[in-house]
Amino acid sequence: RTPQAAHPANPLTAITHMDTIMELDDFKSAWQILDRRLELDNRLKLHALHERSTHKARHALRPLFWGQIAQILFALPFIALAALLWMSHPVHLATIVAGVLVHAYAVLTIACAGVVLGQLGKVDYSKPVLDIQKQLLRARSLYIRSGMLAGLPWWFLWVPLLQVLAGLGNVDLLAKAPSLVVSGYAIGIIGLLATGWFHRWARRPERAELGRKIDDSLTGGSLRKALAQLEQLRQFERD
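Residues numbered from 1 in each chain as written. Predicted model: local features only at pLDDT ≥ 70, side-chain atom pairs only at ≥ 80, totals over all residues. Heavy atoms only, no water.

**Comments concerning the overall build of the protein**
Okay, so step 1: Looking only at helices and strands, one finds 9 helices and 0 strands in the protein.
Okay, so step 2: Put simply, the protein runs from its N terminus to its C terminus through helices and strands in the order α-α-α-α-α-α-α-α-α.
Okay, so step 3: The buried share of the protein, reckoned over its 239 residues, is 30%.
Okay, so step 4: Here the contacts in the protein between residues at least 6 apart in sequence split such that 76% fall between residues at least 24 apart.
Okay, so step 5: Split by element, the accessible area of the protein, about 15800 Å² in all, is 66% carbon and sulfur. (Helix = DSSP H or I, 4+ residues; strand = E, 2+ residues; numbered from the N terminus. Buried < 20%, exposed > 50% of the residue type's maximum accessible area, 1.4 Å probe, protein only. Contact = heavy atoms within 4.5 Å. Areas by Shrake-Rupley, 256 points an atom, 1.4 Å probe, with all protein chains shown as cover.)

In C-alpha cells, the structure reads:
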C-alpha cells in the first residue's frame, strides 16, 4: 500500500493560533507594564508618607530643642554668679568650694544640653525608619541623663548657692550658720540615696509597668510623639 498523503495544515487554524500567541504576549507585556506602574506608584506613595511622617517627627521635636536652649539659658546666671565670686577674691575655703560646685554644675548643665542638641542635629531623616529610630533613641538616652544631671543636684545645690551669695558679701555661711549648711548637705545626700534606691526598686521585673511609666515621664512628650510617628510609618512599611 502507498502511504496516505498528509493533509495540508489548515491556514485558518494556524492564523488563529498565532493570534492567540500574540494576544498572550500583549497581555503579558501589558501586565508587566501595569505591575511596574503600580510598584512605582507604591514607592511614590511610600516616599510621600515617609516625608510627611518625618516632617511630623521633626515638628514634634521642636519643644525638646527649645527646652535644651532654655536649659542653657538657665545655667548662664550660675556661671555669672560664680564669676562674680571669683572677681571678689573669696578667702574662706567653704565659700571657694561652694563656688566650684555652682560653677561646675552650670558648665555640666550647659554641656549636657549641648550634647542632646548635637545628637538631634545628627538625625538624618532621609535614612530608613529603623535608623532614624535608633538615632532618636540615642537622643532619648542622652536627654534622660541630661535631665538627671541637671535636676538631681538640686537636692543639695541650694546650699552652695546660698554660700556663694553670702560669699559675695564676704560672709562664710558655714561659720555663721553651720547647722543650716550641714543639715542642708545631709538632706541632699539622703535625698540622692533615696532617689537612687527608688530608681532601682521601680525597675525590678515585678514592677516593669511602673518602670515603663517612669521612663515615659522622663522621656518627655516631644520624643514620645516623634517615636510614635516613626513607629506608625515602620508598621506601614512592614505591612
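**Side note on helix H7 (residues 178-202)**
Okay, so step 1: The end-to-end C-alpha distance of H7, which contains 25 residues, comes to 36 Å, matching closely the 36 Å that a straight helix rising 1.5 Å per residue would cover.
Okay, so step 2: Listed in full, the buried residues belonging to H7 are Val181, Gly184, Gly188, Gly191 and Ala202. (Expected span 1.5 Å × (residues − 1).)

**Topic: the nonpolar core**
Okay, so step 1: Leu61, Leu120, Tyr125, Leu136 and Ala226 are the most contacted members of the largest nonpolar core, which totals 14 residues.
Okay, so step 2: When residues of this core are assigned to their parent elements, the largest contribution, 4 residues, is made by helix H4 (residues 129-151).
Okay, so step 3: Listed in part, the 9 residues of the second largest apolar core include Ala75, Leu81, Val102 and Leu161. (Core = buried A, V, L, I, M, F, W, Y, C linked by side-chain atoms within 4.5 Å.)

**A word on the environment of Ile132**
Okay, so step 1: Relative to the elements of secondary structure, Ile132 occurs in helix H4.
Okay, so step 2: Distance in space between the C-alpha atoms of Ile132 and Lys122 is 9.9 Å, their sequence separation being 10 residues.

**Overview of the packing of helix H3 (residues 93-122) against H4**
Okay, so step 1: Where H3 meets H4, the axes come as close as 9 Å, and the angle between the chain directions of the two elements is 170°. As far as their axial angle goes, H4 and H3 are roughly antiparallel. In contact with Tyr105, Leu108, Thr109, Cys112, Ala113, Val115, Val116, Gln119, Leu120 and Lys122 of H3, H4 contributes Gln135, Arg138, Ala139, Leu142, Tyr143, Ser146, Leu149 and Ala150.
Okay, so step 2: Considered class by class, the residues forming the contact of H3 with H4 number 12 nonpolar, 4 polar and 2 charged. (Axes fitted to C-alpha atoms, helices over the stretch in contact; angles between N-to-C directions. Parallel < 35°, antiparallel > 145°, perpendicular 65-115°, else oblique. Nonpolar A, V, L, I, M, F, W, Y, C, P; charged D, E, K, R; others polar.)

**What to know about the side chain of Gln135**
Okay, so step 1: Note that Gln135 resides in helix H4.
Okay, so step 2: A polar contact is formed between the side chain of Gln135 and the backbone nitrogen of Asp124, at a distance of 3.0 Å.
Okay, so step 3: When near neighbours in sequence (up to four residues on either side) are disregarded, Gln135 contacts Gln119, Lys122, Val123, Asp124 and Lys127. (Polar contact = N/O pair within 3.5 Å; in protein donor to acceptor, adjacent residues only side chain to side chain.)

**Some details on the packing of helix H2 (residues 62-87) against H4**
If you want to describe how two helices pack, look at the angle between their axes and the distance between the axes.
Okay, so step 1: At a minimum axis distance of 13 Å, the contact between H2 and H4 shows a crossing angle of 30°. With respect to H4, the axis of H2 lies roughly parallel. Here H2 runs over H4; the crossing is left-handed. Contacts between H2 and H4 pair Leu64, Gln68 and Gln71 from the former with Tyr143, Ser146 and Ala150 from the latter.
Okay, so step 2: Tallied by class, the residues present in the contact of H2 with H4 amount to 3 nonpolar, 3 polar and no charged. (Left-handed = near helix turned anticlockwise from the far one by under 90°.)

**So, a nonpolar patch on the surface**
Okay, so step 1: A cluster of nonpolar side chains, Leu84, Met87, Trp158, Leu162, Leu165, Leu168 and Leu180, forms an exposed patch at the surface whose accessible area comes to about 620 Å².
Okay, so step 2: Contributions of two or more residues to the nonpolar patch are made by H2 and helix H5 (158-167).
Okay, so step 3: Considering each element in turn, the nonpolar patch owes the most residues, 3 residues, to H5.
Okay, so step 4: Along the polypeptide, Trp158 turns up in helix H5. (Patch = residues over 30% accessible without salt bridge, like charges linked within 9 Å, V, L, I, M, F, W, Y side chains within 5 Å. Salt bridge = Lys/Arg side-chain N within 4 Å of Asp/Glu carboxyl O.)

**Observations concerning the confidence of the model for the protein**
Okay, so step 1: Residues of the protein with pLDDT of at least 70 account for 69%, and the chain-wide mean is 79.
Okay, so step 2: Contacts of residues 1-8 to residues separated by more than four positions or lying in other chains number 0 contacts, the stretch itself having pLDDT below 50. (pLDDT = per-residue confidence, 0-100.)

**Focus: the packing of aromatic side chains**
Okay, so step 1: Summed over all chains, the structure comprises 9 aromatic pairs.
Okay, so step 2: Between Trp197 and Trp201, the ring centres sit 6.0 Å apart and the planes meet at 20°, which makes this aromatic pair stacked. Highlighted residues: Trp197 and Trp201, both in helix H7, separated by 4 residues, approximately one helical turn.
Okay, so step 3: Taking the relative accessible area as the measure of exposure, Trp201 reaches 26% and is therefore partly exposed.
Okay, so step 4: Site record: aromatic cluster; members linked through ring pairs are Phe74, Phe78, Tyr105 and Trp154. (Phe/Tyr/Trp six-rings, centres within 6.5 Å; stacked < 30°, edge-to-face > 60°.)

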